[in-house]
2 protein chains.
Amino acid sequence: MHSFQELFATFNKGFDTNHFPSTPATLYEPSEYFLSIGGKRIRPILCLLGNELFNDLHEDAYHLSNAVELFHNFSLVHDDIMDDASLRRGKATVHTKYDNNTAILVGDVMLVRAYEHLQKIQSNHLAKILELFNTTAKEVCEGQQLDMDYSKMDKVTMEDYIHMITLKTSVLLAASLEMGAIIGGANNANCKHLYEFGKNIGIAFQVQDDYLDAFGDAALFGKEPGGDIKQNKKTFLLIHALEVANKEQKLALTDLLKSDGIDKVEKVLAIFKECSIDTWAEHTKSTYLKKAFEHLESIAVTSDRKKPLIELANYLMNRNQ
Amino acid sequence: MHSFQELFATFNKGFDTNHFPSTPATLYEPSEYFLSIGGKRIRPILCLLGNELFNDLHEDAYHLSNAVELFHNFSLVHDDIMDDASLRRGKATVHTKYDNNTAILVGDVMLVRAYEHLQKIQSNHLAKILELFNTTAKEVCEGQQLDMDYSKMDKVTMEDYIHMITLKTSVLLAASLEMGAIIGGANNANCKHLYEFGKNIGIAFQVQDDYLDAFGDAALFGKEPGGDIKQNKKTFLLIHALEVANKEQKLALTDLLKSDGIDKVEKVLAIFKECSIDTWAEHTKSTYLKKAFEHLESIAVTSDRKKPLIELANYLMNRNQ
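Nothing here was measured: the structure is a model prediction, and the numbers come from that model.

Draft legend 1. Focus on the overall build of chain A. Check the secondary structure of chain A and you find 16 helices and two strands. Here chain A has a C-alpha radius of gyration of 20 Å; the compact-globule value for 321 residues is 20 Å, and the two agree. Each of the three principal axes of chain A carries a C-alpha extent, and together these read 60 × 50 × 35 Å. Across the 321 residues that make up chain A, the buried fraction comes to 48%. For chain A, the proportion of contacts with a sequence separation of at least 24, taken over those separated by at least 6, is 74%.

What follows is the structure in structure tokens.
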């Protein structure tokens, strides 16, 4: 068994190489550029951890990890076009450094390359993995579509938001673990518990992300908080605030959403605090974490095997940056 | 055994249905819209013909056909964004009717859906088919990238153009046939001949397409010829003309490429005729067709089994519209 850090190092050793031929350079150079700027690589490590929860690491788990990381990068490259994001991991996004058309094709070939890695998986597991991978891939696209739809809508309910976040972020974390578990030979019940563990960790992570963007310590967070507030982004915090605010606070919030004043962040945060949104967010995060750990608890393997997953969850949840 | 027309009818019966769930409608309604506007459906029929060349039709050939048609539609939706095309099959393209972001995601889910159909293929053929499908998918992306690159370049050689056209158009026709043949249990040598048949038919078809766009009869062609000339599109004809023209003709052509006059098409066509480009195009098309039929000839099955493929080739090659 390996720690999260050991698996991270091993995965990177295999992944940090060229993924495409050299020509046409106009297509593959931008693809290699984006893959070379790194990232947290959480998802491929989840594949490896899912396998090792049940069995010794199998070569197939590396094929799966490569596929999942390529899929994740495909979705980032296309999302960046749609969100008009100029930076990713502190570097220029593909459509900014090159152009939109190149970025569309770069995403496309990354998705195909992901399937090339999947096809290397031995056939007795391939059918199940392909099924889950494809379902998840469509869900991730649906999540991105809903995110774009919600940005244009006046009112988004908490239920809608959680549904969108689950699709856009959590299902890939969950599926990465479960696909790893399939390779490890896990039975269906254990697979499902592991999937739910990943899904709930994902939602807890998003609550934390939204919380840190509003209340994070600038020094620890690495950037000035309030980005989401400035962009009127519908987050756990804003949606809940609009649900619990009294008439006066709601009116003030609605006015602030229309404004662009320099004290906008400060004033929104003040209302958030009046409504105890910070405490609520901490509580909500804990609720999802509790649910996640209950599912982990239900998985029928000895508890020492679960240690690396607990380590990873703690690493993600104590993140201040 | 079935004729091309019979297979076309059977395929359409299965394919003309909903391919996606109803929600999120903002993603799946545009996807169904594009699939509902039809198309020639040559590629899925090639899958079925490839299978029937060697054996009775197997259910897997239909899974394959669905996958190939979805893949083709994925590439059209993304290409239309890149080429800024407002019409496809006489109807509004996805990014025109909806928006670019929707069209990106529509293409993405179609590609994933293609793989969902592939995963239904029985495992003894799946590995070989996935390998060819993925290789082809990357080549189609490469072809589109090269097409965009060439449109910005001053000089494109005939070799470059044929390479681009092969990737962008021919390899999917070729692979559709070969993947069908794999399902039919064809051996490697027969598969390769069938692939080359499809590839060469594809190039011949492109020569014809370029020819008709310049010299086609407006009434039969269904549109005013000269579209490629107006757009300075690098075609078989223009590239060859620039290769064989004398100094004076070359100068005139180069000037015409920079102009936007109302007599541009007429003048370019006059130079094409002076250089016998029309005769050359007919000859080039025949050369590729001959190569294609030599490969078909080499396939070790009785000639009656080859009839539907010859029918299809004739249908494609006598097309005036």
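Draft legend 2. The confidence of the model for chain A, seen in detail. Here chain A shows a mean pLDDT of 95. Residues at 70 or above account for 98%. Here the predicted complex scores 0.96 on pTM and 0.95 on ipTM.

Draft legend 3. Representation of the relation of the copies chain A and chain B within the structure. Between chain A and chain B, which share one sequence, the superposing operator has a rotation angle of 180° and an axial displacement of 0.0 Å; the RMSD is 0.0 Å. Within this description, the copies of the chain are treated as partners about a two-fold rotation axis. Most of the interface of chain A is mirrored in chain B, where 100% of its interface residues are also at the interface.

Draft legend 4. Structural view of the interface of chain A and chain B. Each partner contributes to the interface: chain A provides 30 residues, whereas chain B provides 30 residues. Those elements giving two or more residues to the side of chain A that touches chain B turn out to be helix H2 (25-36), helix H4 (59-83), helix H6 (100-118) and helix H7 (123-151) of chain A. Along the lines of polarity and charge, the residues of the side of chain A that touches chain B split into 16 nonpolar, eight polar and six charged.

Draft legend 5. Inspection of the environment of Leu-289 of chain B at higher detail. Residue and element names in this part refer to chain B. Here Leu-289 is to be found in helix H15 (residues 277-298). Under the C-beta neighbour-count criterion, Leu-289 is labelled buried, with 21 such atoms within 10 Å. Sequence-wise, Leu-289 and Phe-197 are 92 residues apart; in three dimensions their C-alpha atoms are separated by 8.5 Å. Those residues in contact with Leu-289, other than ones at most four positions away along the chain, are Ala-204 and Met-317.

Draft legend 6. Examining helix H16 (residues 303-317) of chain A more closely. Residues and elements named next belong to chain A. Taking 1.5 Å per residue, 15 residues should reach 21 Å; H16 reaches 20 Å between its end C-alpha atoms and fits that length. Residue Leu-309 marks the point of greatest curvature in H16, where the axis turns by about 25°. Those residues of H16 that sit buried are Pro-308, Leu-309, Leu-312 and Ala-313. Taken together, the buried residues of H16 touch helix H1 (4-15), helix H3 (42-52), helix H9 (188-215) and helix H15 (277-298).

Draft legend 7. Region of interest: the environment of Met-153 of chain A. Residues and elements named next belong to chain A. Here Met-153 is to be found in the loop between H7 and helix H8 (158-183). Judged by the 10 C-beta atoms lying within 10 Å of it, Met-153 is exposed. Taking the C-alpha atoms as reference points, Met-153 and Lys-234, separated by 81 residues in sequence, lie 9.7 Å from one another.

Draft legend 8. Summary view of the packing of helix H9 (residues 188-215) of chain B against helix H16 (residues 303-317) of chain B. All names here are of chain B. One way to put it is that H9 packs onto H16 with a least axis distance of 10 Å and a crossing angle of 20°. Regarding the angle of H9 to H16, the classification is roughly parallel. The handedness of the crossing between H9 and H16 comes out as right-handed. Contacts from Ile-201, Ala-204, Phe-205 and Gln-208 in H9 reach Ala-313, Leu-316 and Met-317 in H16. A per-class count over the contact of H9 with H16 returns six nonpolar, one polar and no charged.

Draft legend 9. Examining the packing of helix H8 (residues 158-183) of chain B against H9 of chain B more closely. All names here are of chain B. Where H8 meets H9, the axes come as close as 7 Å, and the angle between the chain directions of the two elements is 140°. As the angle between them shows, H8 and H9 are arranged oblique. Once H8 is placed against H9, the crossing between them reads as right-handed. Among the residues making up the contact of H8 with H9, the classes are represented as 15 nonpolar, eight polar and two charged.

Draft legend 10. Inspection of unusual backbone geometry at higher detail. Each neighbour pair has its own omega, and for Thr-23 of chain A with Pro-24 of chain A the value is -5°, a cis peptide bond. Mapped onto the elements of the fold, Pro-24 of chain A is located in the loop between H1 and H2. For Asp-84 of chain A, which is not glycine, the phi torsion reads 55° and is therefore positive. By the C-beta count within 10 Å, which is 10 here, Asp-84 of chain A ends up exposed. A positive phi angle, close to 55°, is found at Ser-276 of chain B, a residue other than glycine. Residue placement: Ser-276 of chain B occurs in the loop between helix H14 (264-274) and H15.

Draft legend 11. Summary view of the environment of Lys-230 of chain A. All names here are of chain A. Residue position: Lys-230 is located in helix H11 (residues 227-230). In this structure, the C-alpha to C-alpha distance between Lys-230 and Leu-316, residues 86 residues apart in sequence, is 25 Å. Every residue in contact with Lys-230, bar those within four places of it in the chain, is listed here: Lys-264 and Val-265.

What counts, and where the lines are drawn
- Residues numbered from 1 in each chain as written.
- Chains lettered and ligands numbered in written order.
- Predicted model: local features only at pLDDT ≥ 70, side-chain atom pairs only at ≥ 80, totals over all residues.
- Helix = DSSP H or I, 4+ residues; strand = E, 2+ residues; numbered from the N terminus.
- Rg over C-alpha atoms; globule rule 2.2 N^0.38 Å.
- Buried ≥ 20, exposed ≤ 12 C-beta atoms within 10 Å, placed from the backbone.
- Contact = placed C-beta atoms within 7 Å.
- pLDDT = per-residue confidence, 0-100.
- Least-squares fit on C-alpha atoms with pLDDT ≥ 70 in both.
- Nonpolar A, V, L, I, M, F, W, Y, C, P; charged D, E, K, R; others polar.
- Expected span 1.5 Å × (residues − 1).
- Bend = angle between axes of the 7 residues up to and from the residue.
- Axes fitted to C-alpha atoms, helices over the stretch in contact; angles between N-to-C directions.
- Parallel < 35°, antiparallel > 145°, perpendicular 65-115°, else oblique.
- Left-handed = near helix turned anticlockwise from the far one by under 90°.

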